[in-house]
Amino acid sequence: TEEETPSQPILGELTASQVTPDSVQLEWSVPEGTFESFTLQYKDAQGQPQVVPMDGGARTLTVPGLSPSRRYKFNLYGVWGRKRLGPISTDVIIGEGICRPHLFPPRPEEEPPSQPILGELTASHVTPDSVQLEWSVPEGTFDSFTLQYKDAQGQPQVVPMDGGARTLTVPGLSPSRRYKFNLYGLWGRKRLGPVSTDIVTGEGAVGCIHVPSWTWVGPEEEVPNQPILAELTASQVTPDSVQLEWSVPEGTFDSFTLQYKDAQGQPQVVPVDGGARTLTVP
């Protein structure tokens with residue numbers, strides 16, 4: 001185990017650049033080690049907490065939909081195993097006169113020129129236990145992507161990715177099985193898609209079926225029946241942590257969200273995979 005996690009990774013500084021009247025680009029570094037994923041937290045103009053999950057390889061993120069002449073505080077956390085490290089923070093004031101305004105003329109109507117478009121999702125490098133997926137964005141940009149599929153045990157898997165990603169390798173598949181992958185693009189408060197592809201894993205040259213982006217996925221495939229959430233219980237309570245457990249007696253969820261307030265009264269939002277049934281809150 002000591003070889004897999006030789007040392008705890010370190011989060012560097014979080015900085016803001018390209019500040020416009022309604023968006024900001026954030027950048028950060030990881031001086032040492034690697035994180036499995038990142039989570040950005042901030043409050044929108046209405047004071048509602050927003051949480052943006054990102055892939056562990058991300059180092060930049062553009063946050064759209066901000067309001068001019070407002071101060072925003074952004075907190076970035078790194079997820080490493082069961083630990084959430086951080087946050088590192090930065091404050092930004094949105095509006096003219098901030099961050100060299102002559103580079104950013106007040107043209108808010110040009111910031112979201114049109115809704116981005118998801119291109120075709122294709123599969124390549126299919127092996128008995130993995131597949132590489134690729135996709136394109138013919139127009140516009142997405143804040144992030146989410147890949148959804150079911151593993152060999154039929155459990156739903158959700159993989160969040162940065163908006164700049166165009167390829168992903170999915171490991172841990174089973175040989176000679178058919179998998180369907182659905183890719184969604186997140187743009188502001190909208191989830192666009194999915195674009196889909198079916199693949200069959202196996203030995204040798206394995207064929208794959210590409211489903212064009214305009215293929216309609218019927219509602220019976222999306223929500224066969226409404227899932228049911230059972231009771232939430234707490235166990236293994238320590239002076240600084242608690243383990244939560246819950247069940248889903250019927251159906252499956254795409255994902256869960258846990259909300260609570262910390263010791264300082266600040267709202268915290270933790271996104272959880274749809275296959276999870278337990279979570280330790282440190």
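See the structure above.
These figures come from a predicted structure and were not determined experimentally.

Draft legend 1. The pattern of salt bridges, seen in detail. Applying the stated criterion across every chain yields a total of 2 salt bridges. Between Arg189 and Asp44 there is a salt bridge, and its shortest N-O distance comes to 2.8 Å. In this pair, Arg189 sits in the loop between strand 13 (178-187) and strand 14 (190-200) while Asp44 sits in the loop between strand 3 (37-43) and strand 4 (49-55), placing the two residues 145 residues apart along the sequence. Across the pair Asp91 and Arg71 runs a salt bridge, and its minimum N-O distance is 3.9 Å. Of this pair, Asp91 sits in strand 7 (residues 83-94) while Arg71 sits in strand 6 (residues 70-80), and the two are 20 residues apart along the sequence. Looking at Asp91, the relative accessible area reads 42%, which means it is partly exposed. The exposure class of Arg71 is exposed, given its relative accessible area of 55%.

Draft legend 2. Fine view of the nonpolar core. Counting 25 residues, the largest nonpolar core has Val24, Trp28, Leu40, Met54, Val63, Phe74 and Leu76 as the members making the most contacts within it. Mapped by element, the contributors of at least two residues to this core are strand 1 (14-20), strand 2 (23-28), strand 3, strand 4, strand 5 (60-63), strand 6 and strand 7. Setting aside anything within four residues of it in sequence, one finds Leu40 in contact with Leu26, Gln50, Val51, Val52, Met54, Leu61, Val63, Phe74, Asn75 and Leu76.

Draft legend 3. Focus on the sheet that holds strand 7. Strand order in the open sheet formed by 4 strands is 4-3-6-7, and the pairing between neighbours is antiparallel. Each edge of the sheet is formed by a strand with only one pairing partner; in this case those strands are strand 4 and strand 7. Averaged over all neighbouring strand pairs, the angle between strand axes comes to 20°, with direction disregarded. In this sheet, strand 4 lies alongside strand 3 in antiparallel orientation, the contact comprising 7 bridges. Counterpart to Phe38 in the pairing with strand 4 is Met54.

Draft legend 4. Main features of unusual backbone geometry. Of note, the bond from Gly86 into Pro87 is cis; its omega dihedral lies within 30 degrees of zero at 10°. Along the polypeptide, Pro87 turns up in strand 7. Despite not being glycine, Gln18 has its phi angle at roughly 50°, a positive value. The class of Gln18 is partly exposed, set by a relative accessible area of 43%. The phi torsion at Ser69 lies on the positive side, around 60°, for a residue other than glycine.

Draft legend 5. Representation of the environment of Ser130 within the structure. Note that Ser130 resides in the loop between strand 8 (121-124) and strand 9 (131-135). With 45 residues separating them along the chain, Ser130 and Pro175 place their C-alpha atoms 8.9 Å apart. Excluding anything up to four places from it in sequence, Ser130 contacts His125, Val170, Pro171 and Leu173. Within the structure, the side chain of Ser130 is placed 2.8 Å from the side chain of Thr127, a separation counted as a polar contact.

Draft legend 6. Region of the structure containing the sheet that holds strand 16 (residues 233-238). Read across the open sheet, the 3 strands follow the order 16-17-20; overall the sheet is antiparallel. If you trace the sheet from one side to the other, it starts and ends with strand 16 and strand 20 (278-281), each paired once. The mean angle between the axes of side-by-side strands here comes to 20°, regardless of whether they run parallel or antiparallel. Examined bridge by bridge, strand 17 (residues 241-245) and strand 20 share 4 bridges and lie antiparallel to one another. Bridge pairing in strand 20 links Gln243 to Thr280.

Draft legend 7. Seen up close, the pairing of strand 1. Inspection of the sheet shows strand 1 paired to strand 2 by 5 bridges, in the antiparallel sense. Paired with Thr15 across the two strands is Glu27, which belongs to strand 2.

Draft legend 8. Focus on the packing of aromatic side chains. Enumeration according to the criterion identifies 10 aromatic pairs in this entry. Residues Tyr42 and Phe74 carry aromatic rings whose centres are separated by 5.1 Å and whose planes lie at 50° to one another, so their mutual orientation is tilted. Placement of Tyr42 in strand 3 and of Phe74 in strand 6 is noted, with a sequence separation of 32 residues between them. The class of Tyr42 is buried, set by a relative accessible area of 12%. Residue classification places Phe74 among the buried residues on the basis of a relative accessible area of 0%. Pairing Phe142 with Phe145 gives two aromatic rings, centres 5.3 Å apart and planes at 50°, and the pair type is tilted. The residues Phe142 and Phe145 share a single accessibility class, namely buried.

Draft legend 9. Summary view of the environment of Ser7. Examined against the element boundaries, Ser7 turns out to sit in the segment before strand 1. By relative accessible area, which is 35% here, Ser7 ends up partly exposed. Sequence spacing of Ser7 and Glu32 is 25 residues, and the spatial spacing of their C-alpha atoms is 8.6 Å. In this structure Ser7 touches Glu32 and Trp80, once residues within four positions along its chain are discounted. At 3.3 Å, the side chain of Ser7 and the side chain of Glu32 are in polar contact.

Here is what the cut-offs are and how they apply
- Residues numbered from 1 in each chain as written.
- Predicted model: local features only at pLDDT ≥ 70, side-chain atom pairs only at ≥ 80, totals over all residues.
- Heavy atoms only, no water.
- Salt bridge = Lys/Arg side-chain N within 4 Å of Asp/Glu carboxyl O.
- Helix = DSSP H or I, 4+ residues; strand = E, 2+ residues; numbered from the N terminus.
- Buried < 20%, exposed > 50% of the residue type's maximum accessible area, 1.4 Å probe, protein only.
- Core = buried A, V, L, I, M, F, W, Y, C linked by side-chain atoms within 4.5 Å.
- Contact = heavy atoms within 4.5 Å.
- Pairing = 2+ DSSP bridges.
- Axes fitted to C-alpha atoms, helices over the stretch in contact; angles between N-to-C directions.
- Polar contact = N/O pair within 3.5 Å; in protein donor to acceptor, adjacent residues only side chain to side chain.
- Phe/Tyr/Trp six-rings, centres within 6.5 Å; stacked < 30°, edge-to-face > 60°.

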